[in-house]
Amino acid sequence: METFDAIVVGLGAHGSAAAAALARRGQRVLGLERFGRGEAFGSSGGWSRMIRIAHFEHPWLVPLATASWDRWLDLERESATGLLTRTGGLYGGPGGSAIVAGARDSAAGHGLAHEVLDAAEIHRRWPILQPADDTVAILEERAGTIRIDRAIEAQLGIVEEAGGQLGFDRRVVDWRPATGGGFEVETADGQVAGGEHLVLAAGPWTAEFVPDLELPLVVEREVPMWFRPTVEPATVGADRLPIWVLRDEGTAYYGIPYDPELGLKVSIHHWGTFADPDTVERAVGPADIERVRAFMRTRMPAANGPLANAKVCLYTNTPDETFVIDRHPAAPGVAFASACSGHGFKFAPVIGEILADLVTDGSTSWPIEPFRADRFAR
Ligand SMILES: Cc1cc2nc3c(=O)[nH]c(=O)nc-3n(C[C@H](O)[C@H](O)[C@H](O)COP(=O)(O)OP(=O)(O)OC[C@H]3O[C@@H](n4cnc5c(N)ncnc54)[C@H](O)[C@@H]3O)c2cc1C
């Protein structure tokens with residue numbers, strides 16, 4: 001049996017970040033991923049994500065988002081790969097709605113540069129957006145997009161550079177304490193590897209790995225989509241349009257500026273279809289596309305051109321719309337993370353550090369009390 005300092009199960013956003021953080025600390029790492037490199041059938045598919053600093057959901061996430069922003073820039077330099085594009089971020093809905101109040105509190109409470117805009121001003125600045133008349137939005141300066149396929153590759157590159165091993169198409173079927181200390185991990189092909197530390201970052205499959213903790217995680221099918229706008233694409237590119245989230249008639253829609261490779265992203269935050277990650281419908285159907293086109297017909301008619309790309313992707317939600325990041329109470333050398341609820345990617349570099357801290361030091365100086373697994377039972 002080959003042994004390592006640390007084994008990481010799952011090489012999406014957070015597993016690849018944890019593997020990179022461990023490799024940076026001189027740990028000999030084995031990373032195991034059930035699918036092929038770049039296939040991303042969990043939560044990290046679909047090429048692009050928003051990075052927001054103001055968090056309308058939970059203003060206390062701002063310091064973690066700020067630190068993550070800086071770490072993405074560091075990774076960009078280290079990997080010499082373009083990862084982050086600054087666009088600014090617009091978050092709005094009916095005046096008085098939770099998204100507006102949350103974004104305003106988050107920005108004002110943390111001294112983030114921002115403006116408050118009404119519907120007419122939004123349309124004046126970005127004619128492609130035609131929000132409802134009662135819309136109010138917060139525009140924050142520091143927000144943008146992350147190319148997540150490249151970001152994960154950059155994190156994996158750090159592991160490989162440090163001599164770590166990565167195994168793709170290797171599904172982990174069991175983990176257990178080893179008799180001489182540490183842990184053993186078994187893959188579907190019958191191979192067993194040993195590790196002093198173990199990180200479980202299995203995204204929508206997290207609950208399978210810690211069944212004893214009965215985590216209340218719910219997997220939701222999402223369908224991000226990209227369109228060819230009917231206006232000149234350059235007018236809605238990253239230097240002209242911010243990332244945006246707009247609540248309209250009870251549904252939150254979001255979008256990312258035009259990327260020549262992908263198109264203009266417009267989709268729904270929380271599609272409301274709950275699923276098993278092994279049997280979820282992976283094909284994108286006409287009813288999916290119509291849900292987004294119905295919004296675009298009223299609020300973004302100039303975005304409503306041919307569909308350029310679409311990919312089913314999965315949210316793993318906690319009841320409080322945050323994350324679970326903790327050590328296993330019965331196996332302290334094991335740490336696990338389900339950090340999604342539809343907004344976890346941006347935090348990956350910090351979450352990787354937290355996971356590395358938890359397995360190597362047993363604790364972390366990052367504020368993880370709100371992420372503890374036992375909060376649901378408390
Ligand atoms: C449509 C969509 C839009 C989003 N938008 C944003 C956004 O704008 N901003 C933002 O910050 N976040 C966003 N998110 C959330 C973000 O993408 C997730 O928080 C993040 O990708 C979660 O990464 P992960 O590593 O926890 O999970 P995953 O990426 O799912 O990684 C887990 C990995 O574990 C592997 N695995 C599972 N079981 C096994 C096994 N038995 N053996 C080996 N490997 C296994 C899986 O194959 C998978 O690759 C969005 C998510 C979706 C789906």
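In what follows, the structure referred to is the one given above.
Note that the structure is a prediction, hence the values are computed from the model and not measured.

Q: Can you help me understand the overall build of the protein in this one?
A: Counting its secondary structure elements, the protein contains 8 helices and 22 strands. Against the 2.2 N^0.38 benchmark of 21 Å for 378 residues, the protein shows a C-alpha radius of gyration of 21 Å, consistent with a compact globule. Along the first, second and third principal axes, the C-alpha set of the protein runs to 65 × 40 × 40 Å. Counting all 378 residues of the protein, 58% fall into the buried class. A sequence separation of at least 24 residues applies to 72% of the contacts in the protein between residues at least 6 apart. Summed over its atoms, the accessible surface of the protein is roughly 14,800 Å², and 50% of this surface lies on carbon and sulfur atoms. Between the mean site of the 35 positive side-chain charges and the mean site of the 51 negative ones, the protein shows a separation of 3 Å.

Q: Honestly, unusual backbone geometry in this entry has me stumped. Any pointers?
A: Leave glycine aside and you will find that most residues have negative phi; peptide bonds, for their part, are mostly trans. Here Trp-47, not a glycine, exhibits a phi torsion of approximately 65 degrees, which is positive. Along the chain, Trp-47 falls in the loop between strand 2 (29-32) and strand 3 (48-52). Backbone geometry at Glu-321 places phi at a positive 60 degrees, although glycine is not the residue there. Tracing the sequence through the fold places Glu-321 in the loop between strand 20 (313-317) and strand 21 (323-328).

Q: In this structure, what is going on with the site of the ligand? I would like to understand it.
A: Every one of the 37 residues lining the ligand counts as a neighbour, but Glu-33, Ser-43, Ser-44, Arg-49 and Ala-339 are closest to it. Separating a nitrogen atom of the ligand from a backbone N or O atom of Val-172 is a distance of 2.8 Å. Ala-201 places a polar main-chain atom, nitrogen or oxygen, 3.5 Å from an oxygen atom of the ligand. Across the complex, the protein chains shield 98% of the 1,000 Å² of accessible surface that the ligand would expose by itself. Those elements that provide at least two residues to the shell around the ligand are helix 1 (13-24), strand 3 and strand 20. Split by residue class, the shell around the ligand holds 20 nonpolar, 10 polar and 7 charged.

Q: What's the story with helix 8 (residues 348-360) in this structure? I'm lost.
A: Every α-helix winds through 3.6 residues per turn, so residues three or four apart in the chain are directed the same way. Taking 1.5 Å of rise per residue, 13 residues should cover 18 Å, and helix 8 covers 18 Å from first to last C-alpha, within 8% of that figure. By the criterion of burial, helix 8 is predominantly enclosed, with 11 of the 13 residues buried. Within helix 8, the full set of buried residues consists of Ala-348, Pro-349, Val-350, Ile-351, Gly-352, Ile-354, Leu-355, Ala-356, Asp-357, Leu-358 and Val-359. Buried residues belonging to helix 8 abut helix 1, helix 2 (62-79), helix 5 (148-161), strand 12 (192-200), strand 21 and strand 22 (331-339). Just beyond helix 8, the residue with positive phi is Gly-362, at close to 85 degrees.

Cut-offs used in this document
- Residues numbered from 1 in each chain as written.
- Predicted model: local features only at pLDDT ≥ 70, side-chain atom pairs only at ≥ 80, totals over all residues.
- Heavy atoms only, no water.
- Helix = DSSP H or I, 4+ residues; strand = E, 2+ residues; numbered from the N terminus.
- Rg over C-alpha atoms; globule rule 2.2 N^0.38 Å.
- Buried < 20%, exposed > 50% of the residue type's maximum accessible area, 1.4 Å probe, protein only.
- Contact = heavy atoms within 4.5 Å.
- Areas by Shrake-Rupley, 256 points an atom, 1.4 Å probe, with all protein chains shown as cover.
- Lys, Arg positive; Asp, Glu negative; His and termini not counted.
- Charge placed at Lys NZ, Arg CZ, Asp CG, Glu CD.
- Near = heavy atom within 4 Å.
- Polar contact = N/O pair within 3.5 Å; in protein donor to acceptor, adjacent residues only side chain to side chain.
- Nonpolar A, V, L, I, M, F, W, Y, C, P; charged D, E, K, R; others polar.
- Expected span 1.5 Å × (residues − 1).

These results come straight from atomic positions and should not be treated as a statement about function.
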